[in-house]
Amino acid sequence: MSSRNPIIAVTGSSGAGTSTTTESFEHIFRSLGIRSAQVEGDSFHRYSRQEMDVEKRKAREEGRNISYFGDQANDFDALERLFKDYSETGRGKMRRYLHTFDEAVPYNQMPGTFTPWEDLGEGTDLLFYEGLHGGVVTENNDVAQYVDLLIGMVPIVNLEWIQKIIRDTSQRGHSRESVTASIVRSMEDYISFITPQFSRTHINFQRVPTVDTSNPFSAKAIPSSDESFVVIRFREVTDIDFPYYLSMIDGSFMSRVNTLVVPGGKMGLAMELILTPFIRDLIRKKEEANKQLDWMSDL
Ligand SMILES: Nc1ncnc2c1ncn2[C@@H]1O[C@H](COP(=O)(O)OP(=O)(O)OP(=O)(O)O)[C@@H](O)[C@H]1O
Ligand SMILES: O=C(CO)[C@H](O)[C@H](O)COP(=O)(O)O
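Parameters and conventions
- The residue count restarts for each chain, going from 1 along the sequence in the order it is written.
- To read the labels, note that chains go from A and ligands from 1, taken in the order they are written.
- Note on the predicted model: pLDDT of at least 70 is required for a residue's local features to be given, and 80 or more for side-chain atom pairs to be given and counted; whole-chain, interface and lining totals, by contrast, use all residues.
- Side-chain descriptors were evaluated using all non-hydrogen atoms of the structure, hydrogens and water having been removed beforehand.
- UniProt positions are given in the numbering used here, feature names are shortened, and annotations may be inferred rather than shown by experiment.
- Throughout, near means a residue has at least one heavy atom within 4 Å of the molecule or strand.
- N or O atoms closer than or at 3.5 Å make up a polar contact, with two conditions inside protein: a donor-capable atom paired with an acceptor-capable one, and, for residues adjacent in sequence, both atoms drawn from side chains.
- Per-residue accessibility takes into account occlusion by the displayed protein chains alone, with areas from the Shrake-Rupley method and a 1.4 Å probe.
- In this description, a nonpolar core means a group of buried Ala, Val, Leu, Ile, Met, Phe, Trp, Tyr and Cys residues linked to one another through side-chain atoms lying within 4.5 Å.
- Throughout this description, buried means an accessible area under 20% of the type-specific maximum (1.4 Å probe, protein chains only), exposed means over 50%, and partly exposed covers the range between.
- Helix and strand assignments follow DSSP, with helices taken as H or I runs no shorter than four residues and strands as E runs no shorter than two, numbered in order from the N terminus.
- Contacts were defined at the residue level, with two residues in contact if any of their heavy atoms lie within 4.5 Å.

As annotated in an unreviewed UniProt entry, the protein carries the name Phosphoribulokinase and comes from Thalassomonas viridans. Taken from UniProt, the Sequence similarities (unreviewed entry) comment for the protein reads in full: "Belongs to the phosphoribulokinase family." According to the UniProt record, the Catalytic activity (unreviewed entry) comment for the protein is "D-ribulose 5-phosphate + ATP = D-ribulose 1,5-bisphosphate + ADP + H(+)".

Side note on the site of ligand 1
Contacts to ligand 1 come from 16 residues, most closely from S14, T18, S19, T20 and R167. A16 has a polar backbone atom sitting 3.2 Å from an oxygen atom of ligand 1. Within the contact set of ligand 1, an oxygen atom lies 3.4 Å away from a side-chain nitrogen or oxygen of Q163. Relative to its unbound accessible surface of 630 Å², ligand 1 loses 82% to contact with the protein.

Some details on the nonpolar core
Membership of the largest hydrophobic core comes to 31 residues, with the highest contact counts inside it found for F25, I232, L275 and I279. Residue contributions to this core peak at nine residues, all from helix α8 (residues 267–298). Excluding anything up to four places from it in sequence, L275 contacts F25, I28, L149, I151 and I203. Ranked by size, the runner-up nonpolar core spans 21 residues in total, among them F76, L79, Y86 and Y129.

Here it is in structure tokens:
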């Protein structure tokens, strides 16, 4: 954690909706006049799509699994280094993993490849990460220690799989069978690396459908916002003004003392109402830390 160079991370599994919710953050940043350095978690994959296919084959032959959720296929050292560097200096290195032709063409590259590493951070107020591993802790790495505001984006698992299957087949050119196989292959890493993060988060947003999702592998469409509720759980956060949220968000209610439930269509509004004060506070602390530093260097 760093007062001078704060880091916000939205962490969630593949298809959870971390990219989709980035819009709400961009809106908050715009309204508070914040310049953010944005980083996608998939940039920290170790392998290009072609290389990963080779790794998957090798793993199968050796009777083990490899998945995008685990440490074999992701460079947690590089992710931890970025968070450490940014928190200490306000700078770091990033690249992008290009999923689709639309993303790859501007770089004159193929889908499933990485852009070159580039510098990031110059002139920014904070680092914003969205992806798989913003709160990861392993024997060798502790990424979570550098994050000032850690948010979990966690649809219930059937919905998460529907979102992944429909997105990967409609936008990323994968077959339903190959996406299903990747869900099966990822299960151990999902439990070891992905879910433990949601006990480290400050706030989790969990989308829960109100339509039947009992066979996610045959679903034809993603349940819409209006066909869902969002369960919002606050951990170790004091001074939460629940009465204010309940009065501002039509149809919301409390299900536990630390848990607010809002209609799915109100998720964007809820995120802005809840997160704006936290983000404003991070920026206030940053300004105070900078003032203190200026004052000390004047001595
Ligand atoms: N609140 C929501 N309501 C309806 N659809 C949603 C919602 N959130 C996400 N989706 C849909 O789910 C799919 C996956 O979302 P998104 O691409 O944001 O996931 P992601 O977490 O960024 O995945 P990855 O890390 O694999 O890129 C998309 O098709 C998106 O439109
Ligand atoms: O979203 C993912 C992980 O978060 C993808 O599964 C991963 O990035 C690989 O992508 P692709 O299958 O398009 O090469």
